[in-house]
Amino acid sequence: MRTHSLHLMARAAALTALLAGATLSHAATQGPADDSFYTLPANPPSGKNGDLVSYRDAKVNLGANATAVKAWNVLYQSKDSLDEANTVSGTVIVPTAAWSGAGSRPVILYAVGTHGLAQGCAPSRQLAAGTDYETANINAALKAGYAVLVTDYAGYLQGDAVTYLAGASQGHAVLDLFKAAQGIPNVGLDAKTKVGIWGYSQGGQSAAWAAEQLSSYAPEINVVGVAAGGIPADFIKSAYNLDGRNGAAFLASGVAGLNTEYPDTVNIDLIASEAGFAALDKLKTQCVFEALF
């Protein structure tokens, strides 16, 4: 009888060790403070959508009279438009003042508009530098006491390429950031809290995709409202409106982003001239306003 009990104890200990090891293998790590944080992992992620890969404390420059906040940069697992796992970067911003409303602190998943194809254009980098053009909206949400989660979308890690306007990927990135934020130690966010999704232009496209995906992709997120505006829903009509006009950089960037996500369907190699390739290569070094002007 004693031998049998010892055998059961040994099996229990082994199982506990195995489970602990599994937990540790998926535990997020604290990332480096320097630019190497934005390095694409060598191996594709193998966990679940929304798993936090790494995080670090961050400083966000939201301008004068901004709400006092605590912020983190994150890398997290998501899924591209072809259902392949990818790693995405983003920023989690939480007011330091306690939430005074009913229930737990609400969250805004803020989907940014076009930022540009160069990796230095990533919203997380621009929020740190104080150069992001959407800080007024982000500040408005923070002053209301909401936490604000801003995905960079896929492609802003060193060694990756931006998949601009690949809507399914963008929607996944918006939703998965909410899951990833829960893994930050002491972040103080409730997984069941009320969530709003807000975006305009590319952000409106991303917000609309996230809304459509919600019931099948992330039904556990308590989304209570979506505000999506300026949506480029019909790419062909949008292309005719942009071609040869002031917004041509949006069109060219869209072609580049969709070629990256769907190389067999949007095959630039079959149609672009040398001048076209040169223009696309230049776009990949520019942020949105430099490209437009």
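Residues numbered from 1 in each chain as written. Predicted model: local features only at pLDDT ≥ 70, side-chain atom pairs only at ≥ 80, totals over all residues. Heavy atoms only, no water.

A. Structural view of the state of the cysteines. Applying the stated criterion to the full structure yields one disulfide. Across the disulfide, cysteine 121 is cross-linked to cysteine 287 (sulfur-sulfur distance 2.2 Å). Handedness here is read from the sign of the S-S torsion; for cysteine 121 and cysteine 287, about -105°, the answer is left-handed. You can see cysteine 121 sitting in the loop between strand E5 (107–111) and helix H2 (123–129) and its partner cysteine 287 sitting in the loop between helix H8 (274–283) and helix H9 (288–292), a full 166 residues away along the chain. Given a relative accessible area of 28%, cysteine 287 falls into the partly exposed group. (Disulfide = S-S within 2.5 Å. Helix = DSSP H or I, 4+ residues; strand = E, 2+ residues; numbered from the N terminus. Buried < 20%, exposed > 50% of the residue type's maximum accessible area, 1.4 Å probe, protein only.)

B. Examining the pattern of salt bridges more closely. In total, this model carries five salt bridges according to the counting rule given. For aspartate 57, the salt bridge identified is with lysine 70, shortest N-O distance 3.4 Å. Here lysine 70 lies in strand E3 (residues 69–79) and aspartate 57 lies in strand E2 (residues 52–58), a separation of 13 residues in the sequence. On the basis of relative accessibility, which here comes to 46%, the residue aspartate 57 falls in the partly exposed class. We classify lysine 70 as partly exposed; its relative accessible area is 35%. The salt bridge partner of lysine 179 is glutamate 220, with a shortest N-O separation of 3.6 Å. Remark: glutamate 220 occurs in the loop between helix H5 (202–217) and strand E8 (223–229) and lysine 179 occurs in helix H4 (residues 167–181); sequence separation between them is 41 residues. (Salt bridge = Lys/Arg side-chain N within 4 Å of Asp/Glu carboxyl O.)

None of the figures reported here should be taken as evidence of function without further support.
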